[in-house]
Amino acid sequence: MTPLGRAWSAVLRRAERRLPSLTRLRSPEALPIPLHRRRIYIVPTGFGLGFTVLLAVMVLGALNYSNNSALLLTCLVGAAGAGSMLVAFRTLDGVALTAIRAQTVVAGEDVPLTIDIAPGWRTRSSLQMDVAGRRLAFAVAAGVPITLELALPTEQRGYMAMPRMRLFTTWPLGMFRAWSWLHPDHKVLVYPRAETFGPPPREPSIDDDRGRPHPGDEPTALRMYRPGDPRRQIAWKLSARHEFLLVKDMEQPAPEAEWRLSCWVNEAHLAGHRWSLALPDRLFDVAQGDEHFHRCMTALALQP
Amino acid sequence: MNFLYALTHKVREAPISAGTFNLVCITMACVVAVHASHLPPWLTLLLGIALLASHWRRRHRPGKTPMWLKLPLTLGLLAGIVLWYGNLFGREPGSAFAVGLLVLKTFECETARDVRVAVAFACFALMAALLSDQGLVVTVAVALAIVPALMSLRSLEPGQAQRTIAQAALPSLGLLAAALPLALMAFLFVPRLSEPLWGAPAADTAKPGLSSSMSPGDLTELLTDDSAAMRVSFDGVAPRPDQRYFRAFVMWNFDGRRWDHGYGRRGEVAGLLPQGPVATYEITLEATHRRTLPALDVPMAAPEGARLSADRELSSNDRIDEVRRYRVSSALGYGLQADLDDSTRRLGLQLPPNFDPRARALAQQWRQTFGQNDEGIARAALGLFHDGGFRYTLAPVPLGRDSIDDFLFNTREGFCEHYASAFTFLMRAAGIPARVVTGYQGGFYNRLGQYLLVRQSNAHAWSEVWLAGRGWVRFDPTGAVRPERIAADGTAAGDGSGPWYQPAWLQAARNRWDIVNRLWAQGVTGFDALRQRSLLQPFGVREAPPSMLVTILASGICLLAAIGLGWALYRRPEGDVAQRALARLKARLVRRGLASRASEAPGHYFSRAARFWPARRKELESLATLYNHLTYARSEPAPELARRFARMAREFRPPRVVK
């Protein structure tokens, strides 16, 4: 996104907070969202404005040269352009966003979304949807709902709200743009990402007093090598003077507890082990299987 | 906001599809076609080739057109137009250049933006074609050419269902048809300018038409021109074909080769003594860019805005740059200028010295034979043309220095102007005052439209000879050679061997078709400020001022907009009769205190209602039973049952309950 785009998004966010009625940017609303005349807006496009100027010149010329044929046809083209505004409205009027389905993914991956659009009783051509910087274009036959597929990027664990989408059309002549903002009140659960090279889970009986490793929070920058440490973090020069390998610890961000826990839950689940998960507020007793896995991951995703 | 959105979220423009490009090419071909009539033929041909080449290039060598191709093409177009027209400014070279540029634009139609620009200016060029000809055929052609233009715009929109060209054409036609009422409304009520805002339409190409001088061979171009010169509607019966002589110019001066009208003789208007029927008629004259108003022999008085010359030619006070209508009365039988004063007599006898000795000798010989019988001499001259082996042709051999001698004794072929010229010369040489008159003769009488269509090819030249006691008498020597030229109804001046592309039946069909042109000219082309102001006469408004027209226009647009909005906002009611009746009933019950729940079956809602209004339990139960029966008992319930349910639901009006 360009700096201008960032600035504009900031302005929009501010405007939405302060002047919701003016900006017409809607707050989240429950599904299904049918479009109707109170929430469809129409403005001429740049081409529409330019064409209007051209038509005005043509009308003036026709009047000046008292050329009635040209006047008649110019009026005809102008009226067709004006009529295309109504067609654009009808293309949007009655469309409904009926359902959104999402799969669960871990943070950082794109979440595949399906969006159901019900066309109502009318066949609609050339609907377009802007969502998360992507543009989808589609046509819907009367009475046959369509399912759009797209992927949303995720950034962090927890519930992710659906971004605001814009459903619009410039059908049929590209002279008018009719649009409506859709902001479905729908959340997608994003699981925490598993730590890549974390330590294996320790047996509860041994090493009880060792404490959980917290790389990075010690002031010392070096520590002993542990299996699983990435090779590029090894301080080779310093290690040459010692009998053991030293690892630079500062550059690695402190992994959150959830990363490591989700990594362990994943490993246990994939390996078919039985596991239990103890969180500060609740305890999942020893169990195994998909349901146990999702329950644990949900709890981890929603950890404060 | 959308503009800014587009600015911040740069969506890359995709290249246009092959279908769109085909439509753009069709649009451009239409533009070239409607301009073809006034573009130089070589340019039309080259533009056609360029269009094909552009199409071929996109198909086989896709990608951007290199500059080394575009630049020479554009410069070549510029050079060609400047060489042909002499400059680049003015209507003709300007529109030729615009059409050329549009065709070249197809070489760089890569994005949707290019297509939109091209289509918008194609619309402009289409309208410009109407500046040179606003006839019905061209107008319809331009209107049809708008369809591919709109289709190109439609095809730019992403995410459409696949369609064939015919399926894609229908909605565009439908859009135009739906736009027609609004367009007509605007056409009728947009106030016309009574004065042009800037330069009046320039007659930068002299339209072919009668001119004020005549030398052998001048009229050839005119006599093969089939465009309409004027249309005449008579009050009462139209005069006989042999009386349909419309005089335009009376020519006195002869220099041995050329007859000249000069500036029209001023002075006292020649006296007219009507003898016989008088025809009153209205002429609708096409723009001539001259002043002369043709009128049937002989006009009795000048219409408003025109005057009579000494020789009873009508000329308008201003140049005729638009279609002009005027009413005239003419005496079909007449005695014109019974007394000839000396100066006029001298003028009617003047001949250039040292020309055409043999013709003079022949005239002197006639004078000796017939003595004082002037009419006898005229008859002898007609007899010479009739029996002397003369031939009527539109392509005579050129004449030498002594043009009359050459024609009379050597070539013996020619058309009206040769005959009129030679006849008048002979009369003058014999000492009889004579003059040449040019104008139109004949015309096609359209019975359906009750009017006479006079084409440019009806142009004619004849003689007037002054006979003592009778005044100026019309003699038509062409009639002696080719009587059907005068008598036939609607035959143009053709010499029987017309060009292969104008067979007789086509000519006849075109004559009948002309009524449409006339209606078009009356209803559309001639709808000017004057006629617009009298538009409301049937409603008792004698003269509507522009402010009233604007008011009517505004209210008409509002009315049509309301109809359009009604159409746009109309939603087909959902569900069947029973479901709609239930929905209305629920809405009413909600207003009376019983809330509806989203996830509630109708049966449950009815039972809740029965608890809410215990007194009406019976009715509600029967409603619930009927509804369940309608919905679940059969796949297609009987319609009368549904109507009964609807009626019961309508009539169920429980009292309001306030909790």
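Note that the coordinates shown come from a computational prediction; the quantities given were computed from them, not determined experimentally.

A. Main features of the sheet that holds strand 8 (residues 292-293) of chain B. Residue and element names in this part refer to chain B. An order of 8-11-10 is seen for the 3 strands of this open sheet, with the pairing classed as antiparallel. The open sheet is flanked by strand 8 and strand 10 (306-308), the only strands paired with a single partner. When strand 8 meets strand 11 (residues 314-316), the two strands line up antiparallel, connected through 2 bridges. Note on strand 11: the bridge partner recorded for L293 is L314.

B. Inspection of a positive patch on the surface at higher detail. Residues and elements named next belong to chain B. A cluster of basic residues, R584, R591, R644, R647, R650, R653 and R656, forms a positive patch at the surface. The element contributing the most residues to the positive patch is helix 23 (residues 639-651), with 3 residues. Turning to its location among the elements, R584 is positioned in helix 20 (residues 577-591).

C. Representation of the packing of helix 7 (residues 136-156) of chain B against helix 17 (residues 504-525) of chain B. Residue and element names in this part refer to chain B. Packing of helix 7 against helix 17 brings their axes to within 9 Å, and their N-to-C directions diverge by 75°. By the angle between their directions, the pair helix 7 and helix 17 is classed as roughly perpendicular. For the pair helix 7 and helix 17, the contacting residues are L136, V137 and T139 in the first and W513, V516, N517 and W520 in the second. Tallied by class, the residues present in the contact of helix 7 with helix 17 amount to 5 nonpolar, 2 polar and no charged.

D. Inspection of the pairing of strand 18 (residues 451-455) of chain B at higher detail. All names here are of chain B. Most of strand 18 sits inside the fold, with 5 of its 5 residues counted as buried. Alternating positions in strand 18 separate into two faces, Y451, L453 and R455 on one and L452 and V454 on the other, with burial throughout. Where strand 2 (residues 228-234) lies against strand 18, 4 bridges are found, and the strand directions are antiparallel. Along strand 18, the bridge assignment pairs V232 with L452. Judged from the 3 bridges that link them, strand 17 (residues 444-446) and strand 18 form a sheet pairing that is antiparallel. Residue pairing in the sheet places Y445 in a bridge with L452 of strand 18.

E. Seen up close, the packing of helix 12 (residues 374-387) of chain B against helix 14 (residues 416-429) of chain B. Residue and element names in this part refer to chain B. Running from N to C, helix 12 and helix 14 point in directions that differ by 145°, and their axes come no closer than 10 Å. Between helix 12 and helix 14 the crossing geometry is right-handed. Counted together, I377, A378, A381, L382 and F385 of helix 12 and Y419, A422, F423, L426 and M427 of helix 14 form the full contact between these two elements. Taken together, the residues of the contact of helix 12 with helix 14 break down into 10 nonpolar, no polar and no charged.

F. Examining the pattern of salt bridges more closely. Residues and elements named next belong to chain B. Counted by the stated rule, this structure contains 31 salt bridges over all chains. Here R57 makes a salt bridge to E110, at a shortest N to O gap of 3.8 Å. Remark: E110 occurs in the loop between helix 5 (91-105) and helix 6 (112-132) and R57 occurs in helix 3 (residues 41-60); sequence separation between them is 53 residues. For the salt bridge of R379 with E375, the shortest nitrogen-to-oxygen distance reads 3.2 Å. Taken together, the residues R379 and E375, both in helix 12 and 4 residues apart, mark about one turn of the helix. Since its relative accessible area comes to 26%, E375 is described here as partly exposed. The network of salt bridges with shared partners includes R247, D297, D311, R435, E464 and R474.

G. A look at the sheet that holds strand 4 (residues 253-254) of chain B. Residue and element names in this part refer to chain B. Strand order in this open sheet of 3 strands is 1-5-4, and the pairing throughout is antiparallel. The strands lining the two open edges of the sheet, one partner per strand, are strand 1 (213-214) and strand 4. Bridge count between strand 1 and strand 5 (residues 259-260): 2 bridges; the pairing is antiparallel. In the strand pairing of strand 5, S213 is matched with D260.

H. Spatial organisation of the environment of A118 of chain B. Mapped onto the fold, A118 of chain B is located in helix 6. Beyond its immediate sequence surroundings of up to four residues, A118 of chain B is in contact with M28, L102, K105 and C109 of chain B.

I. Up close: the interface of chain A and chain B. Contact with chain A, which involves 62 residues of that partner, is made by 65 residues of chain B. Summing the contributions of chain A and of chain B, the shared interface buries around 5700 Å²; its carbon and sulfur component is 72%. On the chain A side of the interface with chain B, the three residues burying the most area are N64, N68 and W121 of chain A, jointly 12% of the side's total. Salt-bridge contacts for D93 of chain A lead to R571 of chain B; the nearest nitrogen and oxygen are separated by 2.5 Å. On the surface where chain A and chain B come into contact, there are 16 residue pairs in polar contact (both at pLDDT 80 or more). When residues of the side of chain A that touches chain B are traced back to their parent elements, those giving at least two are helix 1 (3-18), helix 3 (46-64), helix 4 (68-92), strand 6 (124-131), strand 7 (134-140) and strand 11 (176-182) of chain A. Per-element tally for the side of chain A that touches chain B: the top contributor is helix 4 of chain A, with 18 residues. Here the residues of the side of chain A that touches chain B sort into 36 nonpolar, 18 polar and 8 charged.

J. Focus on the packing of aromatic side chains. Residue and element names in this part refer to chain B. Counting across every chain of the model gives 17 aromatic pairs over all chains. Note on F407 and Y419: the rings are 5.1 Å apart at their centroids and 80° apart in plane angle, and the pair reads as edge-to-face. Here Y419 lies in helix 14 and F407 lies in helix 13 (residues 403-411), a separation of 12 residues in the sequence. The exposure class assigned to Y419 is buried, which follows from its relative accessible area of 0%. Positioned above the aromatic ring of F355, the side-chain terminus of R401 is 4.2 Å from the ring centre. Here the basic side chain of R435 rests over the ring of W472, its NZ or CZ set 3.9 Å away from the ring centre.

K. Up close: the confidence of the model for chain A. On average, chain A scores 82 in pLDDT, and the residues at 70 or more come to 88%. A low-confidence stretch, residues 205-219 of chain A stays under pLDDT 50, and its non-local contacts, those more than four residues away or across chains, total 15 contacts.

L. View of the environment of L623 of chain B. Residue and element names in this part refer to chain B. Note on placement: L623 falls in helix 22 (residues 617-633). Judged by relative accessible area, which is 1%, L623 ranks as buried. Here the alpha-carbon distance between L623 and F652, two residues 29 residues apart in the chain, equals 9.4 Å. L623 has contacts with L585, F606, F645, M648, A649 and F652, leaving out every residue within four places of it along the chain.

M. Representation of helix 14 of chain B. All names here are of chain B. The terminal C-alpha atoms of helix 14 lie 20 Å apart, and with 14 residues this matches the ideal 20 Å at 1.5 Å per residue to within 8%. For helix 14, a buried count of 14 out of 14 residues is recorded, marking the element as mostly surrounded by other parts of the structure. Taken from the residues just after helix 14, G431 is the one with a positive phi, measuring 90°.

N. Summary view of the state of the cysteines. Using the criterion set out here, one finds 0 disulfides over all chains in the structure. In this structure C75 of chain A is not part of a disulfide, and its nearest cysteine sulfur, from C123 of chain B, lies 14 Å away. The structure places no disulfide on C296 of chain A, whose sulfur is separated from the nearest cysteine sulfur, that of C263 of chain A, by 14 Å.

O. Seen up close, a nonpolar patch on the surface. On the surface, V53 and V57 of chain A together with V117, F121 and F124 of chain B cluster together into a nonpolar patch covering about 410 Å² of accessible area. Elements supplying a minimum of two residues to the nonpolar patch: helix 3 of chain A together with helix 6 of chain B. Among the elements that line the nonpolar patch, the one with the most residues is helix 6 of chain B, at 3 residues. If you trace the backbone, F124 of chain B turns up in helix 6.

Criteria and cut-off values
Residues numbered from 1 in each chain as written. Chains lettered and ligands numbered in written order. Predicted model: local features only at pLDDT ≥ 70, side-chain atom pairs only at ≥ 80, totals over all residues. Heavy atoms only, no water. Pairing = 2+ DSSP bridges. Helix = DSSP H or I, 4+ residues; strand = E, 2+ residues; numbered from the N terminus. Patch = residues over 30% accessible without salt bridge, like charges linked within 9 Å, V, L, I, M, F, W, Y side chains within 5 Å. Areas by Shrake-Rupley, 256 points an atom, 1.4 Å probe, with all protein chains shown as cover. Salt bridge = Lys/Arg side-chain N within 4 Å of Asp/Glu carboxyl O. Lys, Arg positive; Asp, Glu negative; His and termini not counted. Charge placed at Lys NZ, Arg CZ, Asp CG, Glu CD. Axes fitted to C-alpha atoms, helices over the stretch in contact; angles between N-to-C directions. Parallel < 35°, antiparallel > 145°, perpendicular 65-115°, else oblique. Contact = heavy atoms within 4.5 Å. Nonpolar A, V, L, I, M, F, W, Y, C, P; charged D, E, K, R; others polar. Buried < 20%, exposed > 50% of the residue type's maximum accessible area, 1.4 Å probe, protein only. Left-handed = near helix turned anticlockwise from the far one by under 90°. Buried area = accessible area lost by both parts, 1.4 Å probe. Polar contact = N/O pair within 3.5 Å; in protein donor to acceptor, adjacent residues only side chain to side chain. Phe/Tyr/Trp six-rings, centres within 6.5 Å; stacked < 30°, edge-to-face > 60°. Lys NZ or Arg CZ within 6 Å of the ring centre and 35° of its normal. pLDDT = per-residue confidence, 0-100. Expected span 1.5 Å × (residues − 1). Disulfide = S-S within 2.5 Å.

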